[in-house]
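# Summary of the model geometry
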Amino acid sequence: MTNLPAGHVATTGPPRALRVLATLVASLVVGPVLLLYGWVLALFSPEVTGGGRCPGQAGGGADNGALVWSVAASTTVAALLCFLFALVRLHRGGRWWPWLVAALVFLAVGFPVLSGLPAAAWCPPAS
């Protein structure tokens, strides 16, 4: 049994320097990717939110671009929130790293969806 001074909090997590280094490395990946995702979403927002339906289709079929844009936007927002939670919990020694992993997972899930956005944002030609 050790005699710790009153008010001493024992942490079982990694040292602060390791947490800062891991978060810095993750931010070098997450930051630019989030900026790219935001730019692409802003670029395609007018095409997606403008009409909402393809004008030349029989029955006024729904445009795929709105669905793809919504999914890409939700994964981007989820990744941003997870990364912010990781930054907020950085000063604690507990579970800060699952937020970094979750941000990277959301970015990985959003990449194929976001790369399909330019093709889905335009209505297919009428046949």
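Fair warning: this is a prediction, and the values are worked out from it, not measured in the lab.

### Some points on the overall build of the chain
A count of helices and strands for the chain gives four helices and zero strands. Looking at the 127 residues of the chain, the share that counts as buried comes to 27%. The contacts in the chain between residues at least 6 apart in sequence include a share of 76% that link residues at least 24 apart. Split by element, the accessible area of the chain, about 8200 Å² in all, is 72% carbon and sulfur.

### Overview of the nonpolar core
A general feature of soluble globular proteins is that nonpolar side chains tend to end up buried together. Ranked by size, the top nonpolar core spans 18 residues in total, and within it V30, L34, L41, F83, L100, L107 and L114 carry the most contacts. The set of elements that each furnish at least two residues to this core consists of α1 (16-50), α2 (64-88) and α3 (97-115). Residue contributions to this core peak at seven residues, all from α1. Contact partners of V30, with chain neighbours within four places excluded, come to F83, L104 and L107.

### Re the environment of A103
Mapped onto the secondary structure, A103 falls in helix α3. Accessibility expressed as a relative area gives 0% for A103, which makes it buried. Residues A103 and F83 lie 20 residues apart in sequence; the distance between their C-alpha atoms is 5.6 Å. Beyond its immediate sequence surroundings of up to four residues, A103 is in contact with A79, C82 and F83.

### Remarks on the confidence of the model for the chain
When pLDDT is averaged along the chain, the result is 74; 65% of the residues meet or exceed 70. Within the chain, helix α4 (residues 117-120) has the poorest average pLDDT of any element, 61, and α3 the best, 86.

### A look at the packing of aromatic side chains
Taken as a whole, this structure holds one aromatic pair when the rule is applied. Where F85 meets W99, the ring centres are 4.8 Å apart and the plane angle is 65 degrees; that geometry is what we call edge-to-face. You can see F85 sitting in helix α2 and its partner W99 sitting in helix α3, a full 14 residues away along the chain.

### Let's talk about α3
With 19 residues, α3 should cover 27 Å at 1.5 Å per step; its first-to-last C-alpha distance of 27 Å lies within 8% of that length. Taken as a whole, α3 has its buried residues at L100, A103, L107, G110 and L114.

### Overview of the side chain of T23
Following the sequence through the fold, T23 ends up in helix α1. According to the relative accessible area criterion, T23 is buried, its value standing at 4%. Not counting chain neighbours up to four residues away, the residues in contact with T23 comprise L87, L90, W96 and L100.

### Some remarks on the side chain of T75
Tracing the backbone through its elements, the reader meets T75 in helix α2. A relative accessible area of 8% places T75 in the buried class. Polar contacts involving the side chain of T75 include one to the main-chain carbonyl oxygen of A72, which spans 2.9 Å.

Cut-offs and rules
- Residues numbered from 1 in each chain as written.
- Predicted model: local features only at pLDDT ≥ 70, side-chain atom pairs only at ≥ 80, totals over all residues.
- Heavy atoms only, no water.
- Helix = DSSP H or I, 4+ residues; strand = E, 2+ residues; numbered from the N terminus.
- Buried < 20%, exposed > 50% of the residue type's maximum accessible area, 1.4 Å probe, protein only.
- Contact = heavy atoms within 4.5 Å.
- Areas by Shrake-Rupley, 256 points an atom, 1.4 Å probe, with all protein chains shown as cover.
- Core = buried A, V, L, I, M, F, W, Y, C linked by side-chain atoms within 4.5 Å.
- pLDDT = per-residue confidence, 0-100.
- Phe/Tyr/Trp six-rings, centres within 6.5 Å; stacked < 30°, edge-to-face > 60°.
- Expected span 1.5 Å × (residues − 1).
- Polar contact = N/O pair within 3.5 Å; in protein donor to acceptor, adjacent residues only side chain to side chain.

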